[in-house]
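Listed below, chain by chain, are the residues.
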Amino acid sequence: MLFIEDLASLVLWLLATVVSVNLLFLMFIFYRRLGRKRYYEDKDAARSRYTRVISEFVDNEINVERAIVLLDEASTRAEHDAVQEMLLAQEDANNAERISQVFFGLGYVERWSRQVFGRRRTKALIERSMRREKASISTTVDRGVLASIGKIRVFAVPRAMALEALGRLAPEYAQVFIAEGLHDASPEVRRVAIAAMGRNRHPAAIPLLFEELLKAVEMKNDVSLRSTKSALVCYTMEDLGHFVPYLSHPNRRMRFFVVDTVREICNKASRNMLLNKNDFPQELYDAFLESATRDEFADVRARCGAVIKHFRDKRALAALRALLTDENDFVRLHSVRACQDRYYAELVPDMVRRLSDTRWRVREAAVKALASFGTSGSNELYKYFINTKDQYVSEQISEEIQRSGLTADMVAALAHGGEDRDLAMAVAKKLVLMGKASLLTAAVAGLTQPEPRILLMDALMLAPTEEFLAVMEVIANNDGGPVGDKARSLLQAAEQRAVGAGTN
Amino acid sequence: MHSAVLHFFDYVNAIILVYFLVTNVVYTVLMVFSLYTVSMHAKSAAHGAYADLLESPVTPPVALIVPAHNEEDAIVQTVMSLLEIQYPEKEVIVVDDGSTDGTVDKLVQKFHLLRMDLIYRPQATCKPVFAFYFNPERPELILISKENGGKADALNAGINMARSPYFCTVDADSIIEPQALLRLMAPVVESTVNTIVSGGVVRIANGCTLRNGRIVDVNLPKTWLERCQVVEYIRTFLFGRPGWNFLNATFICSGAFCLLHRETVLEAGGFSRDTVTEDIDIIATLHRFCKKNHRQYRMVFTTDPICWTEAPHTVGMLARQRRRWQLGLMQTVMKHNDMIFSPRYGMMGLASMPFHAYVEALGCVIEAFGTILIPFTFLVGAMPFSLFLLLMFLAFGYGTLLSVGSVLLEETTLRRYPKVRDVLMLVLFAMIENVGYRQMVTLFRAQGVIQYFTGLNKWELVVHKGFESRVLVEDEV
């Protein structure tokens, strides 16, 4: 009985607890909603209050000292956040230094630094940062009990957020902080430091990033290789001179990642401008043509073609030609891909030879490369397609013809006549015999010009599909012109053939 | 005789009590872990450099595979949302799994696709493929038309066609938030070991307004059934899965939105067609494959990549869906039963598999039995009032606490419901879904278990309303 009474009171207590906790949850939701509402109202008010000051400061109408005095009125978290966001939104290469000085003056930098490095280290770090001291090349990670505690996310996340803010300072100021952040025990904080280094593109950070990359390559880093490589890829063509010493690194995987990073930087730059050898430092140009192309590690040779193609000169052409016949198929594959550039039209015969490569991936790449060369490349491709007995290559070429929209060019050639028409017709016939008739059938149904339609109908009749015969029925019933006549005669021939086959 | 019956009731009630106690203790532990991981992730996501990821050439390409069977009402919106996703390099592969409606025609018309005869290498086994549709001006989209073979079969066809190192499974009735794929990929890029699975959160789109394949106005659905499902989804995705992920014992990643490493999946044999929930099965299969081959791997679950999907709007459809899920769960735990309590699989074998087998898969039978037996034994006087209250508390009160807690977590981290009215409604439904809705779902789940033991292993089709009724403006592509 006593047990039951205890149980009853326990249940009541539990119920009361649940109801209270639910009510607390509800109150917390309202509290958060109200808090957020107030925060955003304060932030909006701060935005409108400081817009003028910040635009005057950005336009150089007021100096740093005056801006600090005016912006120092911001006291709440919402106001601080508003000022920080507005200043960072206006930041560019010209005013980054002045904006950073404002952050120093307002005490924001000190606050962020305390959060990441603690009160004791902050003073020295700020002094070093103000002196624009160059960061030392050390990426040793802090160890010990305190460091282990610091790895726990609940402590690491606020540090990472504060370091993120420090990383947004002008590169010469930020460098000290983010280099120091590389010693942090938490990979989350170090990842932020590495990303900030990439964003700031400070040349002094390149050795640090390569140190991190080496650790990642040797599997001694808890920050991923991709994160470090992403930071290195942020650098620009102007910084490539700093990469040269690492091209002869004793670790072959390290050499590969350096070459690959240079490749990514070049590809990024080439989206906005056509590169040539003058855009590269002479040492890098020489290193690629003389060392990388002969590297003992095939992956390095494979990736270097994608950089060399941007040199666009005779030496580059010779180097690519040599790489196209490399003993390693992976090198040949990437070299074929690198040659997809009309500057290297001279290499078309070399690429045609790659259509009969022993490795299917190389053949596939050669097909794509040739298709990208315009009429000269596609005509070579067609000629090879018509003559080859290799089913695999034929499949690859037919795939490329369909996917890259070359069928439209073929149909145009059928209309124009001459040598191109004969070539296009031969290609169409081979496609049909391979069972790749869908696109041509659609062309017959959709075209308006009679001549190419009739020619395509002849080609498709070599191996008529059900879809094609259905299209012919429609044309035969609706078209009173030469195309309709042709459809009717072909259908009749098909019927006779079917009857003949049935009799036999 | 009378005393024997009473003893039997006592015995059964004790089992039910222990079941509820164990379940609630595990849920409490998961809740604590989830609170920690979800709130930490929400904080760190605030400084997450997704723009860097978007611009970085190092970000791996992804194939978005959309299996579709009779999805003419939703497919165009889904594909539009996928094409609009912010991601550096992606391919969208729609696999029409033998639809008998206008799924293929709608896609062909909308995206001006042309039928082509493309190269297809069947590495993962699946039913024959009929046709490929492609538009050279929109090279990121491919439509595959194949013989009906089920979702796993369609996914295998998509994997065969994909060229990217990662693929993401997406349901045909789902809308993915523009940054969701980047957020799903972020832990993969940041990982030092091969991340083979990255799962995200699924939310219910019923009641929301769409424009050009995007959710533009988030609202709660109108009916009680859909609202209860909203709360249920929030609880599952914010309290259950992050907790298991914290323990490195991910058991489920929703197939509606899940990123997988293509090569590992192919090596493991692709999606299996012997269960009706291929998304649960593939996770266990991958765990097994990687452990067996001594591979270093990781599976992650993140709470901010969000995919919006349609929930069943009638009790009948909900019943079909839950029976299928339960049947699939049963099939998976029985298929991989040697992993249960096996130390070789770490926390997966020692905690996650046993919990999912005994509590999630079989526990619903005890729960359903208890739902009927407890009031009965109380009414016939075979159970003291206090014990009855305790069981009721464990069944309803604690559930309320978990549901309201998950709404609170949603409100403090993701905040996808901006209107105060919606949040209050969510709190209200978090309390009332424990009475009625939960018991109803338990009964459906118990039916699923019975289906398994009676050999009725069929896929029950769930028909959705489709997105078209909720589309504001549909721009020309």
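Residues numbered from 1 in each chain as written. Chains lettered and ligands numbered in written order. Predicted model: local features only at pLDDT ≥ 70, side-chain atom pairs only at ≥ 80, totals over all residues. Heavy atoms only, no water.

Looking up chain B in an unreviewed UniProt entry gives the name Glycosyltransferase, with the organism given as Candidatus Korobacter versatilis.

Under an unreviewed UniProt entry, the name given to chain A is HEAT repeat domain-containing protein, and the organism recorded is Candidatus Korobacter versatilis.

## Considering the environment of Ser44 of chain B
Here is the rule we go by: Secondary structure counts use DSSP, requiring at least four H or I residues in a row for a helix and at least two E residues in a row for a strand, with both numbered from the N terminus. Per-residue accessibility, obtained with a 1.4 Å probe over protein chains only, is compared with the maximum for each type, and a residue is labelled buried under 20%, exposed over 50%, and partly exposed between these values. Residue contacts follow a heavy-atom distance rule, with two residues in contact if any of their heavy atoms lie within 4.5 Å.
Secondary-structure assignment places Ser44 of chain B in helix α1 (residues 2-46). A residue is classified by how much of its surface remains accessible, and Ser44 of chain B, at 7% relative accessible area, is buried. The sequence separation of Ser44 of chain B and Gly200 of chain B amounts to 156 residues, and the corresponding C-alpha distance is 16 Å. Excluding its chain neighbours within four sequence positions, the residues that come into contact with Ser44 of chain B are Arg153, Val157 and Glu188 of chain A.

## Points about the interface of chain B and chain A
Our working definition: Here the buried area means the combined drop in accessible surface, using a 1.4 Å probe, for two parts upon being joined, counting both sides. Here, a salt bridge means any Lys or Arg side-chain nitrogen found within 4 Å of an Asp or Glu carboxyl oxygen. Counting of polar contacts relies on pairs of N or O atoms within 3.5 Å, with two restrictions inside protein: one atom must be capable of donating a hydrogen and the other of accepting it, and residues adjacent in sequence are counted only when both atoms are side-chain atoms.
Counting residues at the interface gives 54 residues for chain B and 55 residues for chain A. The contact between chain B and chain A buries some 4,900 Å² in all, and 63% of this surface belongs to carbon and sulfur atoms. Linking chain B to chain A there are four salt bridges. At the surface where chain B touches chain A, the tally comes to 15 residue pairs in polar contact (both at pLDDT 80 or more). Among the elements of the structure, α1, β3 (114-116), α6 (180-190), α13 (385-412) and α14 (420-432) of chain B are those that each provide at least two residues to the side of chain B that touches chain A. Sort the elements by how many residues they give to the side of chain B that touches chain A and α13 of chain B lands first, with 14 residues.

## Details of the UniProt feature "transmembrane region" (unreviewed entry) in chain B
This is how it is decided: UniProt positions are given in the numbering used here, feature names are shortened, and annotations may be inferred rather than shown by experiment.
UniProt marks residues 12-36, 357-379 and 385-409 of chain B with the feature "transmembrane region" (unreviewed entry), using the numbering shown here. The distance separating the terminal C-alpha atoms of residues 385-409 of chain B is 34 Å; by composition the span is 100% helix and 0% strand.

## Notes on the pairing of strand β10 (residues 214-217) of chain B
All names here are of chain B. Quick note on the threshold: Here the rule is simple: two strands pair whenever DSSP picks up at least two bridges between them.
With three bridges joining them, strand β9 (residues 209-211) and β10 adopt antiparallel strand pairing. Within β10, the residue paired with Leu210 across the bridge is Ile215. Linkage of β9 to β10, two consecutive antiparallel strands, is achieved through a turn of two residues, within which Asn212 is found at a positive phi near 50 degrees.

## Details of the packing of helix α7 (residues 224-246) of chain B against helix α10 (residues 315-335) of chain B
Residues and elements named next belong to chain B. This is how it is decided: All axes here are fitted lines through C-alpha atoms, helices being fitted over the stretch that makes contact, and every angle between N-to-C directions spans 0 to 180 degrees. For classification purposes, angles smaller than 35 degrees are called roughly parallel, those larger than 145 roughly antiparallel, those between 65 and 115 roughly perpendicular, and all remaining angles oblique. Definitions for this section: a left-handed crossing has its near helix turned counterclockwise from the far helix by less than a right angle. A right-handed crossing has that turn clockwise.
Interaxial distance between α7 and α10 falls to 11 Å at its minimum, and their mutual angle equals 30 degrees. If you check the angle between α7 and α10, you find them roughly parallel. Relative to α10, the crossing made by α7 is left-handed. Contacts from Leu225, Gln229, Glu232 and Tyr233 in α7 reach Val315, Leu318, Gln321, Arg322 and Trp325 in α10.

## Examining the packing of aromatic side chains
All names here are of chain A. Test applied: Ring pairs are drawn from Phe, Tyr and Trp, using the six-membered ring of Trp, whenever the two centres fall within 6.5 Å, and their geometry is named by plane angle: stacked under 30 degrees, edge-to-face over 60, tilted for the rest. We call a charge positioned above a ring when the Lys NZ or Arg CZ atom is no farther than 6 Å from the ring centre and deviates by at most 35 degrees from the ring normal.
A complete count under the given rule lists 27 aromatic pairs over all chains for this structure. One aromatic cluster is present, formed by Phe210, Tyr235, Phe243 and Tyr246 through successive ring pairs. Above the ring of Phe57, the side-chain terminus of Arg98 is found at 4.2 Å from the ring centroid. Directly above the ring of Tyr108 sits Arg111, whose terminal nitrogen or CZ lies 5.0 Å from the centroid.

## A word on the pattern of salt bridges
Charged atoms that come close allow side chains of opposite charge to pair. A complete count under the given rule lists 65 salt bridges over all chains for this structure. Two residues, Arg295 of chain B and Glu267 of chain B, come together in a salt bridge whose shortest N-O distance is 3.0 Å. Highlighted residues: Arg295 of chain B in the loop between α9 (278-292) and β12 (298-309) and Glu267 of chain B in helix α8 (residues 262-267), separated in sequence by 28 residues. Look at the salt bridges and you will find they share partners, linking Arg121, Arg128, Arg131, Glu133 and Glu180 of chain A into a network.

## Some words on the nonpolar core
Definition in use: Put simply, buried Ala, Val, Leu, Ile, Met, Phe, Trp, Tyr and Cys residues joined by side-chain atoms within 4.5 Å make one nonpolar core.
The biggest cluster of nonpolar side chains holds 158 residues, and the ones touching the most others in it are Leu169, Phe243 and Phe288 of chain A. The element best represented in this core is helix α12 (residues 252-270) of chain A, accounting for nine residues. When neighbours within four sequence positions are excluded, Phe243 of chain A is seen to be in contact with Ile206, Phe210, Leu232, Tyr235, Val258, Thr261, Val262 and Ile265 of chain A. Grouped together as the second largest cluster of nonpolar side chains are 116 residues, Ile29 of chain A together with Ile176, Phe237 and Met392 of chain B included.

## Let's talk about the confidence of the model for chain B
Rule in force here: Confidence of the predictor at the level of single residues is captured by pLDDT, which takes values from 0 to 100.
Per-residue confidence for chain B gives a mean pLDDT of 88; residues scoring 70 or more make up 95%. With pLDDT under 50 throughout, residues 473-477 of chain B is counted as low confidence; its partners more than four residues away or in other chains account for 16 contacts.

## Some thoughts on the sheet that holds strand β11 (residues 257-261) of chain B
Residues and elements named next belong to chain B. Taken together, the ten strands give an open sheet; going across it, the order is β3-β4-β5-β2-β1-β6-β11-β8-β12-β7, and neighbouring strands pair in mixed fashion. The strands lining the two open edges of the sheet, one partner per strand, are β3 and β7 (174-176). For this sheet the average axis-to-axis angle between neighbouring strands, irrespective of direction, equals 30 degrees. Summarising the sheet, strand β1 (residues 62-68) and strand β6 (residues 166-170) pair through four bridges and their orientation is parallel. Note on β6: the bridge partner recorded for Leu64 is Cys168.

## Considering unusual backbone geometry
Residues other than glycine seldom take positive phi values, yet Arg201 of chain A does so here, at roughly 50 degrees. Checked against the element boundaries, Arg201 of chain A lands in the loop between α9 (187-200) and α10 (205-217). Relative accessible area serves as the criterion here: at 38%, Arg201 of chain A is assigned to the partly exposed category. Non-glycine residue His112 of chain B carries a positive phi angle of around 50 degrees. Looking at where His112 of chain B falls in the secondary structure, it is placed in the loop between α4 (103-111) and β3.

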